[in-house]
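# Reading the structure
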Amino acid sequence: MKVIVDAFAKINLLLDIAGRLPNGYHSLHMIMQSVSLCDTVTVERGEGGIRCACPGVPTDESNIAWKAVTAFAKATGLNCADTCITIEKRIPCAAGLAGGSADGAAVLAALNILHGTALSAEALCRIGASFGADVPFCLTGGTRLALNIGDVLAPLPALENVTLVLAKPDCAVSTKEAYAACDAGESVTHADLTRILFDASKGNYARVFRETCNTFEQFIEVADRVPIKSVMRRHGSIFSMMSGSGPTVYGIFQSADAAEQCAGELRTFLRDVHVCTPVGEGLHIRTV
């Protein structure tokens, strides 16, 4: 049996760094949204290892997909060395879109099916949190409030009837360096979380977009971010912001045609531009 999983990317509708936790990690306030851009991950039993044709994607134990195998084996006591993983990458790497975490979540869910372990969603999320902060969200997906390091999740009304354009500049951002820059910042502007959560709980995302922020944008310089946002505004985006620690910038459009036109212009100076829509799940699973 093969388990084939479409593992969806995420964007941040809110990312506010609230402070440092006693364990040294950062406490975050986030609203996360799954989008239809996805990797396809196939998991089966056979000759163990990872296969991926995308340049730069590791195929050894450093890949979060194999960390999922290790964590699953530790949690269940099973021998998973014969796990064969094939990853078809569409989500850009190091982009702030949780592509690696989505792959890890896909592997966890697939192993649960392949081995018939029937672990609950909560149990899988606990395992996922042990090797990736975004993995619990990628397992559940949709529109969710995410707190702490991303392991405390609560559902929110769906973001609907919009089209998104994701534009990744030709650069990479180190998440570790991004947090260090925020820590060194002398003045940090924070979002009005109370107002944002009230509006989000009512599904009033038009108001959320007027109040929200990504703290990293105050401290991280990303090439082409300003012209990307300018193109998005010119084509009628109702909101644009950087996702995660970047460098991807997304725009939200009420018109699918306008989104396609915006993407066309962005592709004149960027390689990684994707048009997608919000989705209500983190993973779409099928077996063959």
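Calculation rules
- Residues numbered from 1 in each chain as written.
- Predicted model: local features only at pLDDT ≥ 70, side-chain atom pairs only at ≥ 80, totals over all residues.
- Heavy atoms only, no water.
- Helix = DSSP H or I, 4+ residues; strand = E, 2+ residues; numbered from the N terminus.
- Buried < 20%, exposed > 50% of the residue type's maximum accessible area, 1.4 Å probe, protein only.
- Contact = heavy atoms within 4.5 Å.
- Areas by Shrake-Rupley, 256 points an atom, 1.4 Å probe, with all protein chains shown as cover.
- Lys, Arg positive; Asp, Glu negative; His and termini not counted.
- Charge placed at Lys NZ, Arg CZ, Asp CG, Glu CD.
- Phe/Tyr/Trp six-rings, centres within 6.5 Å; stacked < 30°, edge-to-face > 60°.
- Axes fitted to C-alpha atoms, helices over the stretch in contact; angles between N-to-C directions.
- Left-handed = near helix turned anticlockwise from the far one by under 90°.
- Nonpolar A, V, L, I, M, F, W, Y, C, P; charged D, E, K, R; others polar.
- Polar contact = N/O pair within 3.5 Å; in protein donor to acceptor, adjacent residues only side chain to side chain.
- Salt bridge = Lys/Arg side-chain N within 4 Å of Asp/Glu carboxyl O.
- Patch = residues over 30% accessible without salt bridge, like charges linked within 9 Å, V, L, I, M, F, W, Y side chains within 5 Å.
- Arc of directions from axis to C-beta.
- Pairing = 2+ DSSP bridges.

### Brief notes about the overall build of the protein chain
The number of helices and strands found in the protein chain is nine helices and eleven strands. Dimensions of the protein chain, computed from C-alpha atoms along their principal axes, come out at roughly 50 × 45 × 35 Å. When the 288 residues of the protein chain are sorted by exposure, 53% land in the buried category. Considering only intrachain contacts with a sequence separation of at least 6, the fraction spanning at least 24 residues in the protein chain is 75%. Summing over all exposed atoms, the protein chain offers an accessible surface of approximately 12500 Å²; the carbon and sulfur share of this is 50%. Here the protein chain carries 24 positive and 29 negative side-chain charges, and the mean point of each set is 2 Å from the other.

### Topic: the packing of aromatic side chains
Going through the model one piece at a time under the given rule, you end up with four aromatic pairs. Taken together, a centroid distance of 5.0 Å and an interplanar angle of 75 degrees make the contact between Tyr-179 and Phe-216 edge-to-face. You can see Tyr-179 sitting in helix H5 (residues 175–184) and its partner Phe-216 sitting in the loop between helix H7 (205–211) and helix H8 (225–234), a full 37 residues away along the chain. With respect to burial, Tyr-179 and Phe-216 carry one shared label: buried. Among the aromatic residues, ring-to-ring pairing joins Tyr-205, Phe-209, Phe-239 and Tyr-250 into one connected group.

### Let's talk about the packing of helix H1 (residues 64–76) against helix H2 (residues 99–114)
At a closest axis distance of 7 Å, the pairing of H1 and H2 adopts a crossing angle of 35 degrees. Relative to H2, the crossing made by H1 is right-handed. Contact residues: Ile-64, Ala-65, Ala-68, Val-69 and Phe-72 in H1; Gly-100, Ser-101, Gly-104, Val-107, Leu-108, Leu-111 and Asn-112 in H2. For the contact of H1 with H2, a count of residues per class yields eight nonpolar, four polar and no charged.

### Description of the side chain of Ser-243
Along the chain, the position of Ser-243 falls in the loop between strand S8 (239–242) and strand S9 (249–253). Residue classification places Ser-243 among the buried residues on the basis of a relative accessible area of 0%. Here Asn-12 takes part through its backbone nitrogen, which lies 3.3 Å from a polar atom of the side chain of Ser-243. Setting aside residues no more than four positions away along its own chain, Ser-243 makes contact with Lys-10, Ile-11, Asn-12, Ala-95, Gly-96, Leu-97, Asn-214, Thr-248 and Tyr-250.

### Examining the pattern of salt bridges
One pass over the full model with this rule turns up 13 salt bridges. Here Asp-183 and Arg-20 are joined by a salt bridge, their closest N and O atoms 3.0 Å apart. Here the residue Asp-183 occupies a position in helix H5, and Arg-20 occupies one in strand S1 (residues 3–20), the gap between them amounting to 163 residues. Between Arg-207 and Asp-199 there is a salt bridge, with its nearest N and O atoms 3.4 Å apart.

### Details of a nonpolar patch on the surface
A contiguous nonpolar surface patch, about 260 Å² in accessible area, is contributed by Met-1, Ile-113 and Ile-285. Relative to the elements of secondary structure, Ile-285 occurs in strand S11 (residues 283–287). Ile-285 gets classed as partly exposed once you look at its relative accessible area, which sits at 36%.

### Concerning H8
Every α-helix carries 3.6 residues per turn, so stepping three or four residues along brings you back to the same face. All buried positions along H8 are accounted for by Arg-225, Ile-228, Lys-229, Val-231 and Met-232. Around the axis of H8, the buried residues are gathered within 160 degrees of arc, so they sit on the same side. When the buried face of H8 is taken as reference, the exposed residues oriented beyond 90 degrees from it are Val-226, Arg-233 and Arg-234. Lining the buried residues of H8 we find strand S7 (163–168), S8, S9 and helix H9 (256–266). In the stretch just after H8, Gly-236 is the one whose phi turns positive, near 95 degrees.

### Examining unusual backbone geometry
Glycine aside, a negative phi is what most residues show, and trans is what most peptide bonds show. Of note, the amide linkage connecting Gly-246 to Pro-247 takes the cis form, showing an omega dihedral of 10 degrees. As for its placement among the helices and strands, Pro-247 is situated in the loop between S8 and S9. The phi torsion at Asn-148 lies on the positive side, around 65 degrees, for a residue other than glycine. Topologically, Asn-148 is positioned in strand S5 (residues 143–148). A residue is classified by how much of its surface remains accessible, and Asn-148, at 27% relative accessible area, is partly exposed.

### Points about the pairing of strand S6 (residues 152–155)
Strand direction decides the pairing type here: S5 and S6, joined by four bridges, are antiparallel. The partner of Ala-146 across the bridge, within S6, is Leu-153. Taking the residues that link successive antiparallel strands as the turn, the S5-S6 hairpin has three residues, and the phi of Gly-150 there is positive, at about 105 degrees.

### Re the pairing of S8
Neither face of S8 is exposed, since Phe-239 and Met-241 on one face and Ser-240 and Met-242 on the opposite face are all buried. The pairing of S8 with S9 spans four bridges and is antiparallel. When the bridges of S9 are listed, Phe-239 appears paired with Ile-252. Between the antiparallel neighbours S8 and S9 lie six residues, among them Gly-244 with a positive phi of about 55 degrees.

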